[in-house]
Amino acid sequence: MYKVFVSSRNRPLYLWACLDSFYRLTRSAAAVTLIDSASDDMLVREVVRGFERRGLLREVVWLETNEIGGVIGEIAKRLTPEDELFGFVEADTVILPGAFECWLGHMTWLMREDPGLAMLGSSVDTGDFVDPVQALRLEPDRPPQEVGDMIYYGDPGRRDHRPDTPEQLVFAPHNPPGRLLVLRREAILRAGHASDSDLHDNLRALGYRTGISTRVRHRHLSLLNIFDYPRYNMTARHDYMRGATYRGQAEARGFSRAAASWTREPDIHLLTGRGRIEPEIDGPWYRFRLAEADGPVWLASRRGFALDTADQRPLGIAIDRLLLDGEDMLRSTALAAGWYAPEDGWRWTAGRAELPPAREVALRLTGVVDYEA
């Protein structure tokens, strides 16, 4: 039996639609725990009671505060070593019928077939994206940027959400949206519970893969807030989700400029199958010599954050030269896991970045951030 966790707050219309689709389309044995983040709309409890009467919900947790850390903590308390895979659903998600007996059965089958797949999401129904012109007509007095935020104008699903071929079962154009997920417990313990984008980056840096199912599809009802809940507070939503980022969790632990728990020393080294290799340091240059040019080889450092900026990414080090056997590879497409996209003359790692095979590695350090000591 798989454990599935449903995260909810207010918007009883969307909660009912979510739970109804779950009730109709789940045929695999599932122990469903609904975690409510301090809803203050009393209709939520009426909706929950209806699905308790249907027998859908194994457990209901009523949190006293609206903090995502509470949701993460409740999930962590309920997972055991026997839970190889578990599910997570946000209550603004409607599961759509498809060419499968059970969405959960199909997604867990994909995960079992591919042990390297650590996080699997579902495809969004792009028909629910609201046209920006229509949205501006509905809300003429709101700033256009605020209207765009409300209709998820920057969502990658608007631009790049289709498989390469019709036969493809899993595709990966961007991180799996955190609305309907199956996750591998062991991998999540290594990466640390986090928001979908942070988790995606960290899992890939650890050598796992993430993907989106082409067969399991969902509607993202928050795309329709402008119709059903036009006063929905997107700023509060962003603040809530910030607590799920690695940076938000670090700040909650007291990791800030006001605390003394940080350092500017990145602790740069290589990790190989033979162990740890220390660098020879020559000013901004770090040089490594390997006995053999075989892999995998990882460029490792502490991870921290660019405090006092809007950048939420967990960052390792910024480098402006990367020489592998004398060849500059900084902008090479061979750099994938653990590397962020090149910027203006430099490139950040995520703290654990895979390198192609080489016998000599040299990098020139150009930037560090604040790291937890």
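Structure first, text after, so check above.
My aim in this report is to walk through the structure given alongside it, one point at a time. (Residues numbered from 1 in each chain as written. Predicted model: local features only at pLDDT ≥ 70, side-chain atom pairs only at ≥ 80, totals over all residues. Heavy atoms only, no water.)

## Structural notes on the sheet that holds strand S22 (residues 370–372)
Quick note on the threshold: At least two DSSP bridges between two strands are required for those strands to pair. Only runs of H or I of at least four residues qualify as helices and only runs of E of at least two qualify as strands under DSSP, and these elements are numbered from the N terminus.
Strand order in the open sheet formed by three strands is S10-S22-S16, with antiparallel pairing between adjacent strands. A single partner strand is all that each edge strand has here, and the edge strands are strand S10 (262–263) and strand S16 (304–305). As judged from the two bridges shared by S16 and S22, these two strands associate in the antiparallel manner. Looking at the pairing, Phe 305 lines up with Asp 370 of S22.

## A few points about the packing of aromatic side chains
We apply this condition: For Phe, Tyr and Trp, where Trp contributes only its six-membered ring, two rings pair if their centres lie within 6.5 Å, and the inter-plane angle classes them as stacked under 30 degrees, edge-to-face over 60, or tilted in between. We call a residue buried when its accessible area falls under 20% of the maximum for its residue type, exposed when it is over 50%, and partly exposed in between, using a 1.4 Å probe and counting protein chains only. Here, over-ring charges are defined by two tests on the NZ atom of lysine or the CZ atom of arginine: distance to the ring centre within 6 Å, and angle to the ring normal within 35 degrees.
Here the structure, examined in full by the defined rule, presents four aromatic pairs. For the ring pair Tyr 14 and Tyr 229, a centre distance of 5.2 Å and an interplane angle of 85° mean the geometry is edge-to-face. A residue pair is termed long-range when its members are at least 10 positions apart, and Tyr 14 in helix H1 (residues 12–25) and Tyr 229 in the loop between helix H9 (225–228) and helix H10 (234–242) qualify at 215 residues. Judged by its relative accessible area of 19%, Tyr 229 falls in the buried class. Between Phe 22 and Trp 103 the ring centres are 5.6 Å apart and the planes differ by 70°, which places this aromatic pair in the edge-to-face class. Here Trp 103 lies in helix H4 (residues 103–113) and Phe 22 lies in helix H1, a separation of 81 residues in the sequence. Grouping residues by exposure puts Phe 22 and Trp 103 together as buried. Across the ring face of Tyr 246, the terminal group of Arg 303 is positioned such that the distance to the ring centre comes to 5.0 Å. The residue whose ring lies beneath Arg 313 is Tyr 340, and the NZ or CZ to ring-centre distance is 4.6 Å.

## A closer look at the side chain of Thr 33
The following threshold applies: Contacts: residue pairs with any heavy atoms within 4.5 Å of one another.
For Thr 33, the location among the structural elements is in strand S2 (residues 30–37). Judged by its relative accessible area of 5%, Thr 33 falls in the buried class. Dropping the residues within four chain positions of it, Thr 33 is found in contact with Val 4, Phe 5, Val 6, Glu 59, Val 61 and Arg 78.

## Focus: the sheet that holds strand S15 (residues 297–300)
We apply this condition: Orientation is described by lines fitted to C-alpha atoms, with helices fitted over the stretch in contact, and by angles between N-to-C directions that extend from 0 to 180 degrees.
The strand order across the open sheet formed by four strands is S12-S11-S15-S20, and the pairing between neighbours is antiparallel. Both outer strands of the open sheet, strand S12 (275–277) and strand S20 (352–355), are each paired with one neighbouring strand and no more. Averaged over all pairs of adjacent strands, the angle between their axes in this sheet comes to 30°, without regard to strand direction. By the bridge criterion, four bridges tie S15 to S20 in an arrangement that is antiparallel. Bridging from a neighbouring strand, Leu 299 pairs with Ala 353 of S20.

## Brief notes about the layout of surface pockets
Gaps left between atoms show up when a probe the size of a water molecule is rolled over them. Which entries qualify depends on this criterion: Grid points spaced at 1 Å and placed over the protein atoms alone form the basis of the search, with a cavity being a set where a 1.4 Å probe fits but cannot get out and a pocket an open set showing protein on both sides within 12 Å along at least five of seven lines. Lining residues have an atom within 4 Å of a point. Grid points are joined across faces, edges and corners, and a volume is the space filled by probe spheres set on the points. Three residue categories are used. Nonpolar comprises Ala, Val, Leu, Ile, Met, Phe, Trp, Tyr, Cys and Pro, charged comprises Asp, Glu, Lys and Arg, and polar comprises the others, including Gly.
If you add up the space inside the largest pocket, you get close to 1,100 Å³. Considering the residues around the largest pocket, the lining is formed by 40 residues, among which Gly 178, Ser 195, Asp 196, Ser 197 and Met 241 are closest to the centre. It is H10 that contributes the most residues to the lining of the largest pocket, six residues altogether. Estimates place the volume of the second largest pocket at around 430 Å³. Sorting elements by how many residues they give to the lining of the second largest pocket places H10 first, with three residues. For the lining of the second largest pocket, the class distribution of residues is seven nonpolar, six polar and six charged.

## What about helix H2 (residues 43–54)?
Here is the rule: For a helix, the expected span equals 1.5 Å multiplied by the residue count minus one. As used here, the arc belongs to the directions running from the helix axis to the C-beta atoms.
A rise of 1.5 Å per residue sets the reference length of H2, with its 12 residues, at 16 Å; its end C-alpha atoms lie 17 Å apart and thus fit the reference within 8%. Among the residues making up H2, those that are buried are Val 44, Val 47, Val 48, Gly 50 and Phe 51. Looking straight down H2, one finds its buried side chains confined to an arc of 155°; they lie on one side. In this structure, the buried residues of H2 make contact with H1, S2 and strand S3 (57–63). Taken from the residues just after H2, Gly 55 is the one with a positive phi, measuring 90°.

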